[in-house]
Amino acid sequence: MNVTLPERLDTSAAFALKSEIEQAIQNAGGEQVALDASGVTYLGGLCLQVLLASRCPLTTPSEPVVEAYALFGVSAYLSEPLAPLKE
């Protein structure tokens, strides 16, 4: 299942982003949820934390996403997503 991320992921978008990802994970019924970051033009620190905490892989990250991951020192998670949490 793919979720297309909005263009601007700043502090004001963090709560909605978290809710959207949680809903997608619930609706996926165990299927992997991937986040399409190709259209993201801005990624702030709080939304970056939400993305990392979701443990969902990013697909086709835009240049601003790649730059934000590098700025925050988490570039490795672009190519190697975090393992899903075991419940």
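Summary of the structure given here. (Residues numbered from 1 in each chain as written. Predicted model: local features only at pLDDT ≥ 70, side-chain atom pairs only at ≥ 80, totals over all residues. Heavy atoms only, no water.)

**Thoughts on the overall build of the protein**
Our working definition: Working definition: helices are DSSP H or I runs of at least four residues, strands are E runs of at least two. Numbering for both runs from the N terminus. Each radius of gyration reported is based on C-alpha atoms, and the globular scaling rule is 2.2 Å times the count of residues to the power 0.38. We call two residues contacting when some pair of their heavy atoms lies within 4.5 Å. The positive count covers Lys and Arg only, the negative count covers Asp and Glu only, and His and the chain ends enter neither. Every charge is mapped to an atom, namely NZ of Lys, CZ of Arg, CG of Asp or CD of Glu.
In terms of helices and strands, the protein carries 4 helices and 5 strands. N-terminal to C-terminal, the α/β element order of the protein is β-β-α-β-β-α-β-α-α. Taken over C-alpha atoms, the radius of gyration comes to 12 Å for the protein, in line with the 12 Å a tight globule of 87 residues would show. Along the longest, intermediate and shortest principal axes, the C-alpha atoms of the protein span 35 × 25 × 20 Å. Long-range pairs, those at least 24 residues apart, make up 62% of the contacts in the protein between residues at least 6 apart in sequence. The positive charge centre, built from 4 side chains, and the negative charge centre, built from 10, are 9 Å apart in the protein.

**A word on the nonpolar core**
The condition that has to hold: Throughout this description, the term nonpolar core refers to a set of buried Ala, Val, Leu, Ile, Met, Phe, Trp, Tyr and Cys residues connected via side-chain atoms within 4.5 Å. Each residue is assigned to one of three classes by its accessible area relative to the maximum for its type, calculated with a 1.4 Å probe on protein chains only: buried under 20%, partly exposed between the two thresholds, exposed over 50%.
Formed by 25 residues in total, the largest nonpolar core has its most connected members in L5, L35, L43, L51 and Y69. Put simply, the parts of the chain that give this core at least two residues each are helix 1 (14-27), helix 2 (45-54) and helix 3 (63-71). By residue number, the principal contributor to this core is helix 2, which donates 5 residues.

**As for helix 3**
What counts, and what does not: Arc definition: it is the arc formed by the directions from the helix axis to the C-beta atoms.
For helix 3, the set of buried residues is V65, A68 and Y69. Relative to the axis of helix 3, the buried residues are bounded by an arc of 100 degrees and lie together on one face. Along helix 3, exposed side chains directed more than 90 degrees from the buried face belong to E63 and L71. Packed against the buried residues of helix 3 are strand 4 (42-43), helix 2, strand 5 (58-59) and helix 4 (76-79). Phi for G73, located one or two positions after helix 3, is positive at around 75 degrees.

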